[in-house]
Amino acid sequence: MVGGGIGGLSAAFALSRLGLKVRVLERAKEFGEVGAGLQIAPNCTRILDDYGLLEEAKSRGVVPDRMVMRDAVDGEELTALDLRDLEREYGFPYMVIHRSDLHALLLEACRDAGVELCTEQGVVAYGQDADKATVTTESGTVHEAAVVIAADGLHSVARTLLVDDEPVSSAYVAYRGTVAVAEVDRPIDLSEVVVYVGPRCHFVHYGLRGGALLNQVAVFQSPKALAGQEDWGTPDELDAAFAGTTDIVRQSLPHMWRDKWWRMYDRDPIDTWVQGRIALLGDAAHPPLQYMAQGAIMAIEDGWVLAEHAKRLRGPDGGIDWAATLSAYEAVRPEHCRRVLTTAREWGELWHLDGFERVQRNALLRARDIDDYSFTDWIYGPTALFPEDEPPMFEPVPLSSADRITDEPVHMT
Ligand code: FAD
């Protein structure tokens, strides 16, 4: 396994559960995560439960009651998801957790399972022959294995074996910040995950660590990025982007970390993730814009699917048919992740509308039936193992005969 982020560690754990010998090569000096909160939807808590890690994850995070979308300009509620009902619908909870807490949980699980965890192993080259795959690190060490799974993130070296592409800049930038709830100087309801959507900006907050911490994310379109300037995303742009937002959002900005920010990139979806004995996983294969909150989840799903196929394709001698395993993995995962990547781009556009389009969006969201799960089944339902298990994006609603569009001309009187 190359890369010890959430994707690499969760896949390493999944494969080690089959009794396989797994080695993780991480470039950094220490295993760890930067950033703050992660939303973990039922399609992932289902997998954490299968791994026996869900209860511990819940105890380190928060299981909120509601997810609410508000207009960032006037603060009005637009739509909501009842997360307790969502849990009944999908059988598993929607939770939020500090990314370093989830990463630590996976690291502990890997250690307990006997995964070999190696740091300062930046992989610079890949090779393979009929019997094995190899990787070479910056120091010249060569590691070999039956297969190499590359979970080396947005700037994946392994991806260059498969495609000659570049990260795509969205011209949006994220500021993050966690603050002790005791220090928050405004009323805050930690039973809710709240997103305020506004013109070219949005703001998210939710609780972490059993409600001891408040996680905040402020995202906006950078005028300097659009103008092609190098130094885009600076704090002056943050303040200007949110100047027209409701009080509660503006009062939150001083609590953001103002000395670092994350420029938001994704990549175009690709269908080929496997080359012989080398396969991509997680952001290396499908880095998304974060609007669907599914990036880490997709990475965890990838590892689960890979291990399920390896289990299915294990021979009586315990040997795994890796060609068939990687082919089954590649048959199902790229299409699902392509949907998430493209939907995330569209979802972000919708969040950031201005003017009359914003008014239309708000009217549509307010009219949404909050008990309607037809738009979430494809994402929160069980992770598909085979292409035919992949749910449709949404079930088309049958039109009543009165609504049906006919070929008859419309008569204006
Ligand atoms: P990474 O986390 O990038 O890990 C890659 C690892 O590989 C790193 O440890 C790196 O050091 C190592 N590495 C890199 N190159 C090499 C090399 N050459 N050799 C060895 N090691 C190497 N996702 C969600 O599911 N829910 C959310 O709510 C959510 N919110 C988000 C909010 C923001 C603002 C952002 C930016 C992202 C969010 N995501 C969310 C997405 C999520 O963070 C990522 O999709 C996920 O962390 C990807 O994990 P990964 O392990 O594939 O890659």
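What you see is a predicted model, and the numbers here were worked out from it, not measured in a lab.

A.B. asks: Would you mind going over the overall build of the chain with me for this structure?
C.D. replies: Secondary structure summary: the chain contains twelve helices and 17 strands in total. Against the 2.2 N^0.38 benchmark of 22 Å for 413 residues, the chain shows a C-alpha radius of gyration of 22 Å, consistent with a compact globule. Overall size of the chain, expressed as C-alpha extent along the three principal axes, is 75 × 60 × 45 Å. The burial tally for the chain puts 53% of its 413 residues in the buried class. Long-range contacts, defined as pairs at least 24 residues apart, comprise 73% of the intrachain contacts of the chain with a sequence gap of at least 6. Total accessible area on the chain is roughly 18,700 Å²; 51% of this is exposed by carbon and sulfur atoms. One way to put it: in the chain the 39 positive side-chain charges average out to a point 3 Å from where the 66 negative ones average out.

A.B. asks: I would appreciate a short explanation of the nonpolar core in the present structure.
C.D. replies: Considering soluble globular proteins, one finds that nonpolar side chains tend to be buried as a cluster. Counting 105 residues, the largest nonpolar core has Ile40, Leu102, Tyr126 and Tyr380 as its most contacted members. Not counting residues within four places of it along the chain, the set of residues in contact with Ile40 comprises Thr45, Leu48, Pro93, Tyr94, Met95, Ile97, Leu102 and Ile297. Counting 17 residues, the second largest nonpolar core, distinct from the first, contains Tyr175, Cys201, Ala225 and Phe242.

A.B. asks: Explain the packing of helix α1 (residues 6-16) against helix α9 (residues 295-312) here, please?
C.D. replies: Each pair of packed helices can be described by the angle between their axes along with the distance between the axes. One can describe the packing of α1 onto α9 by two numbers: an axis separation of 8 Å at closest approach and a directional angle of 20°. Looking at the two axes, α1 sits roughly parallel to α9. As for the relative orientation of α1 and α9, their crossing is right-handed in sense. Along the contact surface, α1 presents Ile6, Gly7, Ser10, Ala11, Ala14 and Leu15, while α9 presents Ala296, Ala299, Ile300, Gly303, Leu306, Ala307 and Ala310. For the contact of α1 with α9, the class distribution of residues is ten nonpolar, three polar and no charged.

A.B. asks: Honestly, the site of the ligand in this entry has me stumped. Any pointers?
C.D. replies: Taken together, 29 residues surround the ligand, and among them Gly7, Glu26, Gln39, Arg99 and Asp283 come closest. Here a nitrogen atom of the ligand sits 2.9 Å away from a polar atom, N or O, in the main chain of Val123. Here an oxygen atom of the ligand sits 3.1 Å away from a polar atom, N or O, in the main chain of Ile297. Protein contact buries 86% of the 1,000 Å² of open area that the ligand shows by itself. Broken down by secondary-structure element, the contributors of at least two residues to the shell around the ligand are α1, β2 (37-40) and α9. Looking at the shell around the ligand, the element that brings in the most residues is α9, giving three residues.

A.B. asks: Explain α9 here, please?
C.D. replies: One turn of the α-helix equals 3.6 residues, which is why residues spaced by three or four share an orientation. Here α9 contains 18 residues, and its C-alpha end-to-end distance of 26 Å stays within 8% of the 26 Å for a straight helix at 1.5 Å per residue. Where burial is concerned, most of α9 is hidden: 16 out of the 18 residues are buried.

A.B. asks: Before we go on, may I ask you to explain the pairing of strand β7 (residues 123-128) in this structure?
C.D. replies: Both faces of the sheet carry side chains from a regular strand, because those side chains alternate between them. Summarising the sheet, β7 and strand β8 (residues 133-137) pair through five bridges and their orientation is antiparallel. Each residue of the ladder has a partner; that of Tyr126, found in β8, is Val135. If you look at the hairpin formed by β7 and β8, you'll find four residues sitting between the two strands.

A.B. asks: Where do I start with the confidence of the model for the chain in this structure?
C.D. replies: Note that predicted coordinates carrying low pLDDT should not be read in detail. Scored by pLDDT, the chain has a mean of 94; 95% of the residues are at 70 or more. Contacts for the low-pLDDT stretch residues 401-413, under 50 throughout, to residues beyond four places or in other chains number one contact. The ipTM value of the predicted complex is 0.98, and its pTM value is 0.95.

Scoring rules and cut-offs
- Residues numbered from 1 in each chain as written.
- Predicted model: local features only at pLDDT ≥ 70, side-chain atom pairs only at ≥ 80, totals over all residues.
- Heavy atoms only, no water.
- Helix = DSSP H or I, 4+ residues; strand = E, 2+ residues; numbered from the N terminus.
- Rg over C-alpha atoms; globule rule 2.2 N^0.38 Å.
- Buried < 20%, exposed > 50% of the residue type's maximum accessible area, 1.4 Å probe, protein only.
- Contact = heavy atoms within 4.5 Å.
- Areas by Shrake-Rupley, 256 points an atom, 1.4 Å probe, with all protein chains shown as cover.
- Lys, Arg positive; Asp, Glu negative; His and termini not counted.
- Charge placed at Lys NZ, Arg CZ, Asp CG, Glu CD.
- Core = buried A, V, L, I, M, F, W, Y, C linked by side-chain atoms within 4.5 Å.
- Axes fitted to C-alpha atoms, helices over the stretch in contact; angles between N-to-C directions.
- Parallel < 35°, antiparallel > 145°, perpendicular 65-115°, else oblique.
- Left-handed = near helix turned anticlockwise from the far one by under 90°.
- Nonpolar A, V, L, I, M, F, W, Y, C, P; charged D, E, K, R; others polar.
- Near = heavy atom within 4 Å.
- Polar contact = N/O pair within 3.5 Å; in protein donor to acceptor, adjacent residues only side chain to side chain.
- Expected span 1.5 Å × (residues − 1).
- Pairing = 2+ DSSP bridges.
- pLDDT = per-residue confidence, 0-100.

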